[in-house]
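# Structural overview for review
So you can see what is in the structure, the chains are spelled out below.
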Amino acid sequence: MTSAGAAPVTTPREALDALSAISADFAPELLAVAQTGADPPQLAAMRPTAGLAAALREVVSDHASDWTSRELVDYSPAASPADGQIMWVAAQDVPLLAWSELDRDLADMELFDAKAGYAAHLRLTALRAPTPVGQATFYRELRPKSVLSRSDKIAIFRRGDRMDLLAESAVLIDSGVDAIVVAGFALFVNRTVFQRVFGFLAEIRSQAATTFDEVTSNLAIDGLPALRAAATSQPAMLGKMSSIARKLRAYPAYRQAITMPKLVEFVRSHPHTGVEVSGQGASAKLVFRADAQHRFKILKLLDDDYLQSQLTQFEYESNSKGEPLV
């Protein structure tokens, strides 16, 4: 989305840079987002006083300044941003962020009520700020226990020379940010938190079985059922499965390389991969071991996690790489 007269935003860098143009005296909009299962989110307005508005502007200013100074990198489900980096995905590819409800005008929303049924299903706070390319929304995880009436803690504060109870309708919100969405791009600095908070991990899990069956359809693997169970359920392995899925879709050369003869030849020429092979010739099989030291070995192989430096010719196992340079 872009503002009237503004050039369309086509890159995540343009979206990110727009954060630096947020006015210092903008009127912040704050809302609570609740969701039950896969139902559409429920939104409630949290209209700020002047004091809260000033605090919210500081949150936006601090994160906008920090994030725009970072290097932007493409999302990779099997890698995490390094210090000073920020990842991005298309917001429409993220289950929760794809809901059009999130763009509703605050004037159409009821005020937040801590006693309402949706307060038991709180998920996010959304802090909106205007930019030259449209609205930027700063999202942060919000749990039901952030509402003091739903917490098992007693909230007290000083009133004169005595301590008093804080109003039970009070909500504790975090000044951190889990994602910023602007011009259709979702930006984030912690991949694992982003995947969990926004349902991206669930989306990856739903696709993992199909990807596993596709990539292993012509492979011989001793222990295949156990590998499949692990690869389609364990969070760390799900990232690998999503990375493999992206390569299957985007790179024909990758698909052509994932054959038993090529894999066996590579493993035997590079024993440092740690992948075990049993048998010879047409009877050769990759062997899956479920112990912690070895359970990732075959998935690392299928994800093409081995690199050779063009400078030194040294070989490396890569734990954090982006897309192929083609």
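Residues numbered from 1 in each chain as written. Predicted model: local features only at pLDDT ≥ 70, side-chain atom pairs only at ≥ 80, totals over all residues. Heavy atoms only, no water.

Per the stated rule, a full pass over the model turns up 15 salt bridges. Among the ionic pairs, R140 bridges to D174, the shortest N-O distance being 3.1 Å. A residue pair is termed long-range when its members are at least 10 positions apart, and R140 in strand β6 (residues 134–141) and D174 in the loop between β8 (162–165) and β9 (179–182) qualify at 34 residues. The class for D174 is partly exposed, based on a relative accessible area of 42%. (Salt bridge = Lys/Arg side-chain N within 4 Å of Asp/Glu carboxyl O. Helix = DSSP H or I, 4+ residues; strand = E, 2+ residues; numbered from the N terminus. Buried < 20%, exposed > 50% of the residue type's maximum accessible area, 1.4 Å probe, protein only.)

Under the counting rule described, the total for this entry stands at 8 aromatic pairs. With 5.9 Å between their ring centres and 80° between their planes, Y139 and F198 make a pair best called edge-to-face. Here Y139, found in strand β6, pairs with F198, found in the loop between α3 (191–197) and α4 (200–216); they are 59 residues apart in sequence, far enough to count as distant. You can call Y139 buried: its relative accessible area is 4%. Exposure remark for F198: the relative accessible area of 0% places this residue in the buried category. (Phe/Tyr/Trp six-rings, centres within 6.5 Å; stacked < 30°, edge-to-face > 60°.)

This next bit is on the sheet that holds strand β12 (residues 276–278). Across the sheet, which stays open at both edges, the 3 strands sit in the order β11-β13-β12 with mixed pairing between neighbours. Two strands close off the open sheet at either side, each with one partner strand: β11 (221–222) and β12. Two elements, β12 and strand β13 (residues 285–287), share 3 bridges in a ladder whose sense is antiparallel. Residue pairing across strands places E276 opposite V287, the latter belonging to β13. (Pairing = 2+ DSSP bridges.)

Per-chain confidence: the chain averages 87 in pLDDT, with 90% of residues scoring 70 or above. Looking at the elements of the chain, mean pLDDT is at its lowest for strand β15 (residues 315–317), recorded as 67, and at its highest for β9, recorded as 97. Residue range residues 1–5 is modelled with pLDDT below 50. Its contacts to residues more than four positions away, or to other chains, number 12 contacts. (pLDDT = per-residue confidence, 0-100. Contact = heavy atoms within 4.5 Å.)

Now for the nonpolar core. Considering soluble globular proteins, one finds that nonpolar side chains tend to be buried as a cluster. L97, F194, F198, L286 and L302 are the most contacted members of the largest nonpolar core, which has 57 residues in total. By residue number, the principal contributor to this core is α4, which donates 6 residues. Among residues more than four places away in sequence, those in contact with F198 are V94, P95, L96, L97, R123, L124, Y139, D178 and A179. By size, the runner-up hydrophobic cluster in this structure holds 37 residues, among which are I22, F112, Y118 and V147. (Core = buried A, V, L, I, M, F, W, Y, C linked by side-chain atoms within 4.5 Å.)

To continue, consider the packing of α4 against helix α5 (residues 224–231). Direction vectors running N to C along α4 and α5 enclose 145°, while the axes themselves pass 9 Å from each other. For the element pair α4 and α5, the recorded crossing hand is right-handed. Across from A208, A209, F212, D213 and T216 in α4, the residues of α5 making contact are L224, L227, R228 and A231. Looking at the contact of α4 with α5 residue by residue, the classes come out as 6 nonpolar, 1 polar and 2 charged. (Axes fitted to C-alpha atoms, helices over the stretch in contact; angles between N-to-C directions. Left-handed = near helix turned anticlockwise from the far one by under 90°. Nonpolar A, V, L, I, M, F, W, Y, C, P; charged D, E, K, R; others polar.)

Right, let's get into the pairing of β6. On a regular strand, each side chain points to the face opposite its neighbour's, so the side chains alternate between the two faces of the sheet. Taken together, the 8 bridges between strand β5 (residues 122–131) and β6 define a ladder with antiparallel strand orientation. Looking at β6, one finds that A126 is bridged to Y139. Here β5 folds back onto β6 in antiparallel fashion, the turn holding 2 residues. Where β6 and β9 come together, 4 bridges link them in antiparallel fashion. Across the sheet, T137 pairs through a bridge with V181, a residue of β9.

With that settled, consider the side chain of Q85. Locating Q85 in the fold gives a position in strand β4 (residues 85–90). Residue Q85 is classed as buried on the basis of its relative accessible area, which comes to 16%. A polar contact is formed between the side chain of Q85 and the side chain of E71, at a distance of 3.1 Å. Leave out the neighbours within four places in its chain, and Q85 touches R70, E71, V73 and V189. (Polar contact = N/O pair within 3.5 Å; in protein donor to acceptor, adjacent residues only side chain to side chain.)

The 8 strands are arranged β2-β1-β5-β6-β9-β10-β4-β3 in an open sheet whose pairing can be described as mixed. Each edge of the open sheet carries a strand with a single partner, namely β2 (42–45) and β3 (71–74). The average undirected angle you get between the axes of adjacent strands in this sheet is 30°. Inspection of the sheet shows strand β1 (residues 29–34) paired to β2 by 4 bridges, in the antiparallel sense. What sits directly across from V33, in β2, is L43. On the sheet, helix α2 (residues 50–68) packs against β1, β4, β5, β6, β9 and β10 (185–188) and is oriented at approximately 75° with respect to β5.

A cluster of nonpolar residues, I154, I156, M163 and L165, forms a patch on the protein surface that exposes about 460 Å² of accessible area. By secondary structure assignment, the location of I154 is in the loop between β6 and β7 (156–159). (Patch = residues over 30% accessible without salt bridge, like charges linked within 9 Å, V, L, I, M, F, W, Y side chains within 5 Å. Areas by Shrake-Rupley, 256 points an atom, 1.4 Å probe, with all protein chains shown as cover.)

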